[in-house]
Structure formats: structure tokens, C-alpha cells
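So the chains spell out like this:
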Amino acid sequence: MQTPLVITGMGMISPLGCGVKAGWERLLAGRSGISPITRFDTGDLPIKVAGSVPDIADDPEAGLDPDRVADAKERRKLERFSLYAMAAAEEALTQADWFPTSDADRLATATIVGSGIGGFPTITQAQNTLTTRGHRRLSPFTVPAFLANLAAGNVSIRHGFRGPLGCPVTACAAGIQAIGDGMRLIRSGEADVALVGGAEACIDPLSLASFHAMKALSTERDDPARASRPFDQARNGFVMGEGAGLLVIESLAHAEARGATPLAVLGGYGTSADAHHITAGPEDGAGAAAAVRAALRMAGLSPEAIDHINAHATSTPVGDRAEIAALRNVFGDALAGIPISATKSTTGHLLGAAGGVESIFSALAVMHDRLPPTLNLENADEDMRDLDFVPGVAREQPTRHVLCNGFGFGGVNAALIISRL
């Protein structure tokens, strides 16, 4: 029998602040990370709110201090998503105490950091520079800043990790798929340790306008904290968020041999394709259900074993309904007895980083027997009123197995099961 795969380190940058402890405490307290956009003038753009990572000036307790991540000279070469990944990596690696110095250990360390869009703001800024000032004014760091794999690349370079390097670019499933890729690399013997998760930072006028053109974003402006409303009849789109969530994972045997502290078990992973539509899943959720079933098979669990679900739950009517259809497909009538949290109600939708951050929330749920609340849920869809969405207030509950979902454009589905040691 194979030794279990475990998490030994976690690092997080999110709209709830920097650091796993601050993010978890604020999540349980029902504190929203969604606020008015101040990074640029939104002008006549109807999108006025987002889940922005707070900076140290606005949030002295848990804001991001870029100087602690990279000096000013290095930051000129980095897009924001890479900066977030580097900050989250430092926290995760410190908790795991994994800073290898031998060639063998560095070669045995994989770095897999997914992203949905990568350095999108750099692309839009470069186009503006090209149009207004000409090609001679473009930075030589334009391409290295925006490439989606550069979050993984910058982390690998900083820490000297010479094992497999990867970046699933699979929209909103990228973070969970990066974790699944890391699991496979360890199982195949290609790596002993993997730093895995997702990073995203595309709160940008063009990205917001483009998603708005699809009618995908919430147009709430008067009360930002209420803009993200998964499963509520008043929802009118998702709120763009940003951040990074990274995990250090390894086999239990490897962790014990080096004296590391296992935090939780990565029991199962599954992925599938809808083969249906570029942006919408099938109404019956069949593709997503296939990913969940695959994760259950890998974990050796029956559906009845799941104690909690961290739903993908973006707050779009089509997406929320398809996910619930998928869950009913898998769990049947038993779904009514499984608490479902939609943590995007607090953070907004972090796109490619969502799976990494929400996997950390799922691990913390099994570590502490605490279920995060779903904010702003006042009037669920009629066909969902039999379900327990943990409305408003966090809950204490014995929790052994958590299912975490991530679904993305193009019909990509990913599911992860995290369990108590």
C-alpha cells in the first residue's frame, strides 16, 4: 500500500490579507475581503468592486509589504501574480521547513503553480505604451513578466528548485489541477516534494470590461461586501479577486523521515472535461460529477464519507446551478445532510488562484473542525432550499473528509479530497 500524500506547509495571499492565520481568522469571523477598486480609475466602467489584496498601508495587521517579498529593482521585473506566489511560497516553505541545499533534494522538488491568465495587466500596459510612445519604450521584461508560467519560474529560481516545473493554464480549475499534477509527480517518483497551487492578479480595466461584456461580473457598487452572493437569488455575477495559495506536499514517509509535521492528507484528485460549451457547463453537471467521482475513487471513499464541501460557487446563476446538479448527481438525497460552504462570498473569485486558496481553507476545516460561512445568503434558489450552505456564521463540526471543487472555462473540472490525518 502506498504511503499517503500529506500537506506539510501552506502559504496564502488573499483579499482577506497575507498569511494563512489572518485569512482563516477573518474568514471564520465573516469578514469580507471585497472593497471598492482604488488601484486605478474605473471611470465609466460599471464594475466598481473587487477582492483586492490589501497593502500594508491600508491593513497594517495583514497587508502585503512588497519590500519583504522582493526589492524595488527585482519588482520591476515581476508581475503582481508572481509577487503573490513568491510571498505565499515563502510562508508555505517556512512552515514545512523545506529549504533544501543538496543537489539531490533540489532536483527532487517540483514547482507547479497554475494561473488562469498570468500577467494580463502587463500586456494591457505594454499595448498602451506601444500605441502612445512607440516600440522603443517597451520594457525588455514585458514578456518574462506576463508569461503564465513565470510565477512557478520565479519561485523555482529563488529557491533553487530544479525538479519538474509546471503551470496548468486551465482557467478557474488551474489551482486544483496544479495540486493534482504535484500528486502525480510524487506518486510516479519524479519528485519527493512539490510546491503546488495557484496565483492570479488580473484586476485590470480590460479584464474587468471583458468579463463584463460576457455579463459574468457583479455590477454592485453601493455595498461591496454584499456583492458576492453564491446560491442567493439576488446574485448577478462573480466578483473578481486576486491572490495566491500554495501548498508543500510530500509522502507521509518522506515527511516523517525528515521530521516534518504533516497537517492533512491529500486523499483523492479527479479531473474531467465537459466537452459541452466554452463557458457554461451542462445543466446536469455530468462533467463535474465525473471529476468528483474520480477523486472519491482515488481516495477509496464512498460519497457518504464526505463531511463538508467547499464549493466552486462563483455566484453566477448558471455556474451555481450546474455545480449543485453535479453534486446531486454524486450524492443524491444525502447532499441535504452535507454542509456546503461558498468561501468566494468572502474573497471573490480568484480565478486560477481559487483552487489553491480554497484547498487551504479545506485543509484548515479538517484540522480545526470548523466550517467557513457562506456570506450574503438570504434567499437561496427554490430548488436549493433543502441544502445546508452554512449561512452567515462559521460552525464547529467534526470534519474528517472535505471535497474542494474547481471548474473553468473550456469545460475543465477538477476535484480534490482533503482528509484528517
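Rules used throughout
- Residues numbered from 1 in each chain as written.
- Predicted model: local features only at pLDDT ≥ 70, side-chain atom pairs only at ≥ 80, totals over all residues.
- Heavy atoms only, no water.
- UniProt positions renumbered as here; feature names shortened; annotations may be inferred.
- Helix = DSSP H or I, 4+ residues; strand = E, 2+ residues; numbered from the N terminus.
- Contact = heavy atoms within 4.5 Å.
- Buried < 20%, exposed > 50% of the residue type's maximum accessible area, 1.4 Å probe, protein only.
- Pairing = 2+ DSSP bridges.
- Phe/Tyr/Trp six-rings, centres within 6.5 Å; stacked < 30°, edge-to-face > 60°.
- Core = buried A, V, L, I, M, F, W, Y, C linked by side-chain atoms within 4.5 Å.
- Domains from an automatic or database assignment.
- 1 Å grid on protein atoms, 1.4 Å probe; cavity = no way out; pocket = protein on both sides within 12 Å on 5 of 7 lines; lining within 4 Å.
- Points joined across faces, edges and corners; volume = space filled by probe spheres on them.
- Nonpolar A, V, L, I, M, F, W, Y, C, P; charged D, E, K, R; others polar.

So, on to the UniProt feature "active site" (unreviewed entry) in the protein chain. Under the present numbering, the feature "active site" (unreviewed entry) in UniProt falls on Cys172. In this structure, Cys172 sits in the loop between strand S6 (165-166) and helix H8 (174-188). Residues contacting Cys172, with those up to four places away along its chain left out, are His312, His349, Leu351, Gly352, Gly406, Phe407 and Gly408.

A separate point is the pairing of strand S14 (residues 401-408). Of all eight residues that make up S14, eight are buried, and the element is covered over most of its length. Taken together, the three bridges between strand S10 (residues 308-310) and S14 define a ladder with parallel strand orientation. Paired with Asn310 across the strands is Cys404, a residue of S14. Sheet topology note: the S14/strand S15 (residues 412-419) ladder contains eight bridges and is antiparallel. Across the sheet, Cys404 pairs through a bridge with Leu416, a residue of S15. A loop of three residues connects S14 with S15, the two strands running antiparallel in sequence, and Gly410 in this loop sits at a positive phi of about 90°.

We now examine helix H7 (residues 150-159). For an α-helix the count is 3.6 residues per turn, leaving residues at separations of three or four pointing the same way. Burial of H7 is extensive: eight of the ten residues sit out of reach of the surface. What H7 keeps buried is the set Leu150, Ala151, Ala152, Gly153, Asn154, Val155, Ser156 and His159. Where the residues of H7 are buried, they touch helix H3 (80-96), helix H4 (103-107), strand S5 (109-114), helix H6 (142-146), S6 and strand S7 (193-200).

To continue, consider the packing of aromatic side chains. A complete count under the given rule lists four aromatic pairs for this structure. Taken together, a centroid distance of 6.4 Å and an interplanar angle of 40° make the contact between Phe211 and Phe409 tilted. With a gap of 198 residues between them, Phe211 in helix H9 (residues 205-213) and Phe409 in the loop between S14 and S15 connect regions that are remote in the sequence. Under the relative-accessibility criterion, Phe211 is labelled buried at 12%. Residue class for Phe409 comes out partly exposed when judged on its relative accessible area of 35%.

Structurally, Thr122 can be placed in helix H5 (residues 120-133). Residue classification places Thr122 among the buried residues on the basis of a relative accessible area of 13%.

The biggest cluster of nonpolar side chains holds 44 residues, and the ones touching the most others in it are Ile7, Met10, Ile249 and Leu266. When residues of this core are assigned to their parent elements, the largest contribution, eight residues, is made by helix H14 (residues 354-368). For this core, the two domains that each supply at least three residues are domain 1 (5-264) and domain 2 (268-419). Setting aside residues no more than four positions away along its own chain, Ile7 makes contact with Leu247, Val248, Ile249, Thr261, Pro262, Leu263, Ala264, Leu266, Ala363 and Ile418.

As a further point, take the layout of surface pockets. The calculated volume of the largest pocket comes to roughly 1,100 Å³. Taken together, 46 residues form the lining of the largest pocket, with Arg39, Val53, Arg80, Tyr84 and Glu242 sitting closest to its centre. Elements that contribute at least two residues to the lining of the largest pocket include exactly strand S3 (35-36), H3, H5 and H6. It is H5 that contributes the most residues to the lining of the largest pocket, five residues altogether. In the lining of the largest pocket, the residues fall into 22 nonpolar, ten polar and 14 charged. Reported here for the second largest pocket is a volume of approximately 740 Å³. As for the second largest pocket, its lining consists of 42 residues, and the residues nearest its centre are Thr279, Ala280, Thr316, Gly408 and Phe409. At five residues, helix H12 (residues 317-331) tops the list of elements feeding residues into the lining of the second largest pocket.

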